[in-house]
Amino acid sequence: MEGPATREFELSLSDGASDDDMPMTLPTDSSRSGSIRKGCDPFAQTQRSKLQHRRARINQQINKEMRMRAGAENLFRATTNNKVKETVALELSFVNSNLQLLKEELEELNSNMEVYQTDSDAISVPMIPLGLKETKEVDFTVPIQDFICEHYGEDSSLYDKEIKELIELRQAMRTPSRNQAGLELLMEYYNQLYYLDQRFFSSHKNLGVHFHWYDSLTGVPSSQRALAFEKGSVLFNIGALHTQIGARQDRSGTAGIDKAIDAFQRAAGAFNYLKENFSNAPSLDMSALSLSMLVRLMVAQVQECVFERITITTQDAKFTSQLQLAQEAAQVSDVYSLVHQTMTQPLMKDYVPFSWASMVQVKSEHFRALSHYYAAAALFDHSSSSDGEECEKEADKAFPEFYVNIASGQTLSQILQDPEKRRKLGKAHLRRAVIRHEEAMRVHSLCKILRKMDILQDVLCQTHKRSLEKYLELDREDDFDETAEAPEIQAHTQQKPDISPPGFSTVQVTDIFQRLGPLSVFCARARWGPARVICLQKREGGMGLTLRGDSPVLVAGVVPGGCAEEAGLREGDYIVAVDGQDCKWAKHGEVVHMLTSSSDREVEISVVTLHSHDTQVERKAAMLSHRCDKENTRQRLLGGAKGQSSASLLNWNRKKKREGSGVAKKLGSTFSLSFGNIRDTEAMY
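Just so it is clear, the model here is predicted, and its values are computed rather than measured.

Trainee: Any chance you could explain the overall build of the chain here in plain terms?
Mentor: For the chain, the count of helices and strands is 23 helices and 14 strands. Considering the chain as a whole, with its 685 residues, one finds that 52% of them fall into the buried category. Accessible surface, the chain as shown: approximately 31700 Å² in total, 49% of it carbon and sulfur.

What follows is the structure in structure tokens.
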């Protein structure tokens with residue numbers, strides 16, 4: 001929970017931000033129908049929904065117990081009465097016991113991997129999915145209404161539909177479906193937060209909305225007002241949902257394996273992006289150490305899928321093919337061993353569920369056993385026939401790179417041509433395989449949750465039985481020589497995992513509050529005076545003003561002594577309405593037509609004037625840079641999108657250490673408006 005020593009969750013800027021990170025905006029009209037994506041029915045009695053309901057209930061109970069403990073601890077420190085202290089100490093012991101029981105129950109739920117596995121009858125090693133972070137409901141109504149009234153000076157009741165749509169979108173993303181539609185729903189809300197930040201979160205005033213999220217593994221609640229905390233939690237859920245999609249794939253065929261690989265790589269990319277761009281996480285599941293562990297876990301599961309695909313596609317029993325399988329299995333074992341080391345670090349040991357650490361250790365031992373089994377199979381099934389000279393040459397090249405350390409003086413041809421040497425080396429590999437299988441089964445038996453997973457037990461028993469039977473086939477009664485120690489197999493893979501960063505631009509979104517006006521002017525970071533209504537009298541000599549730019553149109557100058565100056569129009573004013581008709585999004589020609597087409601001699605213009613305490617920023621506001629021209633051209637190429645900010649999606653929240661020196665720069669980018677080409681749109685009327 002947020003305390004005095006807790007720094008707010010922050011988003012760090014990346015210097016390499018590209019346009020691909022921007023939320024795309026669809027051109028719409030005023031009759032927008034809102035998001036078409038909806039979440040799952042929260043009352044649907046599916047196995048996954050029941051699991052999520054139990055998680056939410058336990059999270060609430062943990063929150064209640066932690067509040068009781070905090071109150072009891074404060075009372076214990078404040079009181080000087082010994083009798084009261086004894087009573088409070090006894091109450092604290094009960095609360096701590098309840099918390100321990102709740103955390104154990106939550107750990108068991110988080111370790112429930114079978115719910116997320118595939119329904120296929122094929123026997124495969126289960127994957128480790130991650131449960132979604134739970135969150136409380138957030139009511140944006142009053143804070144946004146107040147901000148619209150105070151900051152934008154508009155009637156907030158006119159935006160009830162937009163506020164309702166935002167609340168419904170957030171409510172829907174709490175229960176995303178476990179498919180591509182669920183991912184798009186989370187990404188849509190994630191991208192929509194960009195506009196929410198620009199519209200309602202200013203550097204000098206907080207919106208006053210608290211975002212409550214529960215730790216994914218422990219259920220410990222965290223609450224912050226920083227929008228970066230909301231963004232980071234949604235991004236975490238995007239990665240978690242990818243893990244669930246990957247775990248449910250049917251990996252009995254290459255198509256399902258490829259989908260699982262893609263899902264786990266995208267999960268790793270989401271967690272890695274979160275680790276590199278967000279800091280000061282209030283919950284442990286989004287700490288750098290935890291995210292590093294999750295990235296390594298996803299990479300290990302990708303490597304496991306790669307091994308499964310090679311196993312399916314390798315139908316022949318060629319010597320080199322068996323060696324490749326052995327090295328691929330050794331690679332999987334190594335990456336899982338690295339994950340296990342990360343999970344057993346001091347800060348992670350008590351945080352990561354015991355079933356996760358046990359599963360990772362089981363897989364490390366299991367795939368090390370498989371690597372020795374395939375090495376033995378390559379030696380036993382190899383036949384040095386006269387027509388396999390090319391295979392022999394290829395094997396001679398591959399064999400020296402197969403072992404980490406090989407005894408000097410031994411070559412592949414010597415071992416393969418001598419049946420006894422081949423048998424002894426193969427037997428040594430099988431002995432190591434049986435030992436590793438037994439160790440995997442031992443670790444599996446120590447975890448109560450893993451013992452309930454029948455499919456995992458079936459896989460371990462089958463592979464152990466296969467290795468043991470092959471070992472017993474080679475064991476002779478007259479073999480009195482001690483079995484040699486098999487060399488360690490060099491890990492190698494044909495396909496290294498590729499961490500796929502989140503594709504923010506793949507889901508196009510529309511600014512829900514686009515009716516407030518273009519973000520270049522009408523944003524939370526801009527400051528302007530109250531709207532003024534100017535009654536402009538038309539004369540034969542013209543209105544006496546110069547207009548410039550589009551959306552909104554700027555009054556670039558007024559003729560001294562002209563009717564515009566007499567009416568109170570000033571250089572730097574922005575026209576927001578003509579005769580009561582909103583024209584914030586209107587093009588230059590449209591505004592001119594509205595001004596000149598009126599049959600009356602008098603036209604009513606509503607204008608606003610931007611203000612800034614920095615004179616340098618004011619100069620920037622009056623200048624139209626070449627960059628603005630390129631940005632406006634780019635927006636037209638995107639299909640006429642309105643309100644599209646040129647800032648990257650990364651530019652949501654800056655680290656506090658950069659705020660002091662970057663105020664002028666930030667404000668400058670806010671007031672450097674995109675008006676299109678000045679030479680084409682500036683004219684006097």
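Okay, back to it.
Trainee: Mind showing me how you'd approach the packing of helix 14 (residues 419-446) against helix 16 (residues 454-474) here?
Mentor: Helix packing geometry: the angle between the two helix axes and the distance between the axes. Where helix 14 contacts helix 16, the axes come no closer than 9 Å and their chain directions differ by 155°. Between helix 14 and helix 16, the angle is such that the two are roughly antiparallel. Seen from above, helix 14 lies across helix 16 with left-handed handedness. In this structure, helix 14 contributes Arg 423, Lys 427, Leu 430, Arg 431, Ala 433, Val 434, His 437, Glu 438, Ala 440, Met 441 and His 444 to the contact, and helix 16 contributes Leu 456, Gln 457, Leu 460, Cys 461, Thr 463, His 464, Ser 467, Leu 468, Lys 470, Tyr 471 and Leu 474. Tallied by class, the residues present in the contact of helix 14 with helix 16 amount to eleven nonpolar, six polar and five charged.

Trainee: Please explain the pattern of salt bridges as it appears in this structure.
Mentor: Think of it this way: side chains of opposite charge can pair up when their charged atoms draw near. Evaluation of the coordinates by the stated rule reveals 20 salt bridges. Overlapping salt bridges bring together Asp 334, Arg 368, Arg 431, Arg 432, Glu 485 and Glu 488 as one network.

Trainee: What is the right way to look at the pairing of strand 8 (residues 532-537) in this model?
Mentor: Remark: a regular strand shows side chains that alternate across the two faces of the sheet. In strand 8, alternate side chains face the same way, and those of Arg 532, Ile 534 and Leu 536 are buried while those of Val 533, Cys 535 and Gln 537 on the opposite face are not. Pairing of strand 8 with strand 13 (residues 602-611), which is carried by six bridges, proceeds in the antiparallel orientation. Note on strand 13: the bridge partner recorded for Val 533 is Ser 606.

Trainee: Just checking my understanding: could you explain the packing of helix 11 (residues 354-381) against helix 14 for this structure?
Mentor: With their axes 8 Å apart at the nearest point, helix 11 and helix 14 run at an angle of 165° to one another. As the angle between them shows, helix 11 and helix 14 are arranged roughly antiparallel. Relative to helix 14, helix 11 is oriented so that their crossing is left-handed. Counted by class, the contact of helix 11 with helix 14 contains 15 nonpolar, eight polar and eight charged residues.

Trainee: Is there a simple way to explain the packing of aromatic side chains in this structure?
Mentor: Each aromatic ring pair is specified by the distance between its two centres and by the angle formed by the two planes. All told, the structure shown has 13 aromatic pairs when counted by the stated rule. Relative to Phe 513, the ring of Phe 200 lies with its centre 4.9 Å away and its plane at 80°, an arrangement referred to as edge-to-face. Note that Phe 200 is positioned in helix 5 (residues 180-200) and Phe 513 in the loop between strand 6 (508-509) and strand 7 (527-528), a separation of 313 residues in sequence. The same class applies to Phe 200 and to Phe 513, which are both buried. Each ring, one from Phe 307 and one from Tyr 374, has its centre 6.2 Å from the other, and the planes form 65°; the classification is edge-to-face. With Phe 307 in helix 8 (residues 288-313) and Tyr 374 in helix 11, this residue pair connects regions lying 67 residues apart in the sequence. The residues Phe 307 and Tyr 374 share a single accessibility class, namely buried.

Trainee: In this structure, what is going on with the nonpolar core? I would like to understand it.
Mentor: The tendency in soluble globular proteins is for nonpolar side chains to be buried side by side. Of all hydrophobic cores here, the largest spans 134 residues; its most connected members are Ile 144 and Phe 200. Look past the residues within four positions of Ile 144 in its chain and what remains in contact with it is Ile 163, Leu 166, Leu 196, Phe 200, Leu 207 and Phe 513.

Conventions we followed
- Residues numbered from 1 in each chain as written.
- Predicted model: local features only at pLDDT ≥ 70, side-chain atom pairs only at ≥ 80, totals over all residues.
- Heavy atoms only, no water.
- Helix = DSSP H or I, 4+ residues; strand = E, 2+ residues; numbered from the N terminus.
- Buried < 20%, exposed > 50% of the residue type's maximum accessible area, 1.4 Å probe, protein only.
- Areas by Shrake-Rupley, 256 points an atom, 1.4 Å probe, with all protein chains shown as cover.
- Axes fitted to C-alpha atoms, helices over the stretch in contact; angles between N-to-C directions.
- Parallel < 35°, antiparallel > 145°, perpendicular 65-115°, else oblique.
- Left-handed = near helix turned anticlockwise from the far one by under 90°.
- Contact = heavy atoms within 4.5 Å.
- Nonpolar A, V, L, I, M, F, W, Y, C, P; charged D, E, K, R; others polar.
- Salt bridge = Lys/Arg side-chain N within 4 Å of Asp/Glu carboxyl O.
- Pairing = 2+ DSSP bridges.
- Phe/Tyr/Trp six-rings, centres within 6.5 Å; stacked < 30°, edge-to-face > 60°.
- Core = buried A, V, L, I, M, F, W, Y, C linked by side-chain atoms within 4.5 Å.

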